[in-house]
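Structure at a glance
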Amino acid sequence: MTVNLEVAEGVGMLRLDRPPMNALDVATQDRLKELAEEATRREDVRAVVIYGGEKVFAAGADIKEMQAMDHTAMVLRARALQDAFTAVARIPKPVVAAVTGYALGGGCELALCADYRIAGENAKLGQPEILLGLIPGAGGTQRLPRLIGPSKAKDLIFTGRMVKADEALALGLVDRVVPAGEVYEQAHAWAARLAQGPALALRAAKEAVDAGLETDVDTGLTVERNWFAGLFATEDRERGMRSFVEEGPGKAKFL
């Protein structure tokens, strides 16, 4: 399989495994969607790491496969392509991308679907589709400007240039840069910590932030208010507040 889901102690690893560059062909896209939906359903998955291995995250689409597709074929395929990435973005649990080496085109777009991005010092990210006479088609024109702002996103999309890890950090394209050999370890630690947190509150926080970014402030506040009030019906809220009162802050243990 070109993508695998491995689960241990609450952390699910979505592992890209299509050597040598983890090119995201149609079969890989479909498998990614299938496993993202599985991670969404599974109660034993409380946080997710997306990882491509020690040398490369994902170098983009399979260009030879795309070259053989005409307009009609891509009209039929483009929605499925976006749906695969959207399935990752909508996993209602904390998701971290562990980025090593190249994360280009679809690879960069996949990293954009995570809530947090940890990159190795050897990482190179970009949206080079313009160099093929195309634009990003798996969410890059939408998620990238929402993350780093429209003018910075346009610079990357218009030029197709790659950025190294330090520039990606300065742009806000990644959130942390670490030695290449520590990328997975640190991403897993981030996910493992959150896997011990209150699952429903984390889901509420993610959905409130994401929904709020898509609408006006008043509507976003309504989403937040409804989630906030709804959490008062949960066992985690009772456990968290009881622990705070009896033991002090930060000591609650959630199931």
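For the structure, check the block above.
Residues numbered from 1 in each chain as written. Predicted model: local features only at pLDDT ≥ 70, side-chain atom pairs only at ≥ 80, totals over all residues. Heavy atoms only, no water.

Overview of the packing of helix α9 (residues 199-213) against helix α10 (residues 217-230)
Two elements in contact, α9 and α10, have axes whose closest approach is 8 Å; the angle formed by their N-to-C orientations is 170 degrees. If you check the angle between α9 and α10, you find them roughly antiparallel. Contacts from A204, E207, A208, A211 and G212 of α9 reach α10 at G220, V223, E224 and W227. Split by residue class, the contact of α9 with α10 holds 5 nonpolar, 2 polar and 2 charged. (Axes fitted to C-alpha atoms, helices over the stretch in contact; angles between N-to-C directions. Helix = DSSP H or I, 4+ residues; strand = E, 2+ residues; numbered from the N terminus. Parallel < 35°, antiparallel > 145°, perpendicular 65-115°, else oblique. Contact = heavy atoms within 4.5 Å. Nonpolar A, V, L, I, M, F, W, Y, C, P; charged D, E, K, R; others polar.)

Examining the nonpolar core
Residues F57, V99, L125 and L173 are the most contacted members of the largest nonpolar core, which totals 46 residues. In this structure L125 touches V99, A103, L104, C108, R161, M162, V163, A168, L173 and V174, once residues within four positions along its chain are discounted. By size, the runner-up hydrophobic cluster in this structure holds 15 residues, among which are V49, V178, V183 and L194. (Core = buried A, V, L, I, M, F, W, Y, C linked by side-chain atoms within 4.5 Å. Buried < 20%, exposed > 50% of the residue type's maximum accessible area, 1.4 Å probe, protein only.)

Structural notes on the packing of helix α1 (residues 26-41) against helix α3 (residues 71-89)
Two elements in contact, α1 and α3, have axes separated by 8 Å at closest approach and are oriented at 40 degrees. As α1 runs across α3, the sense of the crossing is left-handed. The segment α1 lies against α3, with V26, Q29, D30, L32, K33, A36 and E37 engaging R77, L81, D83, A84, A87 and V88. Looking at the contact of α1 with α3 residue by residue, the classes come out as 7 nonpolar, 1 polar and 5 charged. (Left-handed = near helix turned anticlockwise from the far one by under 90°.)

Thoughts on the environment of E238
Looking at the element boundaries, E238 is found in helix α11 (residues 235-247). Residue classification places E238 among the partly exposed residues on the basis of a relative accessible area of 40%. Put simply, E238 and D30 are 208 residues apart on the chain and 40 Å apart in space, counted from C-alpha to C-alpha.

Some remarks on the environment of T141
Its place among the elements puts T141 in helix α5 (residues 140-148). A residue is classified by how much of its surface remains accessible, and T141, at 28% relative accessible area, is partly exposed. For the pair T141 and Q127, spaced 14 residues apart in sequence, the C-alpha to C-alpha distance is 9.4 Å. The residues touching T141, leaving out its near neighbours within four places in the chain, are I135, P136 and I157. Within the local environment of T141, its side chain forms a polar contact with the side chain of Q142, the two groups lying 3.1 Å apart. (Polar contact = N/O pair within 3.5 Å; in protein donor to acceptor, adjacent residues only side chain to side chain.)

Observations regarding the sheet that holds strand β9 (residues 176-178)
Taken together, the 6 strands give an open sheet; going across it, the order is β1-β2-β3-β4-β6-β9, and neighbouring strands pair in mixed fashion. Edge positions in the open sheet fall to β1 (3-8) and β9, since each of these has one partner strand only. Taken over all neighbouring pairs, the strand axes of this sheet differ in orientation by 20 degrees on average, direction set aside. Sheet analysis places strand β4 (residues 95-99) next to strand β6 (residues 116-120), joined by 4 bridges and oriented parallel. Its bridge partner lying in β6, V99 is registered against A119. The sheet contacts of α1 involve β1, β2 (11-16) and β3 (47-51), and relative to β1 the element is tilted by about 20 degrees. (Pairing = 2+ DSSP bridges.)

Let's talk about the packing of aromatic side chains
Enumeration over the complete set of coordinates arrives at 3 aromatic pairs. Between Y116 and W190, the aromatic rings sit 5.1 Å apart at their centres with planes inclined by 5 degrees, giving stacked as the arrangement. Placement of the pair is Y116 in strand β6 and W190 in helix α8 (residues 183-195), with a sequence separation of 74 residues. Relative to F232, the ring of F228 has its centre 5.5 Å away and its plane inclined at 75 degrees; by these criteria the two rings are edge-to-face. With a relative accessible area of 37%, F232 lands in the partly exposed category. (Phe/Tyr/Trp six-rings, centres within 6.5 Å; stacked < 30°, edge-to-face > 60°.)

So, the sheet that holds strand β5 (residues 102-104)
The sheet built from 3 strands is open, its strands ordered β5-β7-β8 with mixed pairing. Of all strands in the sheet, those with a lone pairing partner are β5 and β8 (162-164), marking the two edges. The mean inter-strand angle of the sheet, taken between neighbouring strand axes irrespective of direction, is 20 degrees.

Section: α3
Counted at 1.5 Å a residue, the expected span for α3 with its 19 residues is 27 Å, and the 27 Å between its end C-alpha atoms agrees. Its maximal kink placed at R77, α3 deviates by approximately 35 degrees. R77, L81, A84, F85, T86, A87, V88 and A89 are the residues of α3 that are buried. Contacts made by the buried residues of α3 are with α1, β3, α4 (106-112), α5 and α9. (Expected span 1.5 Å × (residues − 1). Bend = angle between axes of the 7 residues up to and from the residue.)

Looking at the pairing of β6
Along a regular strand, successive side chains alternate from one face of the sheet to the other. Burial analysis of β6 places 4 of its 5 residues in the buried class, the great majority of the element. Where β6 meets β9, 3 bridges bridge the pair, whose relative direction is parallel. Note that in β9 the partner of A119 across the bridge is V177.

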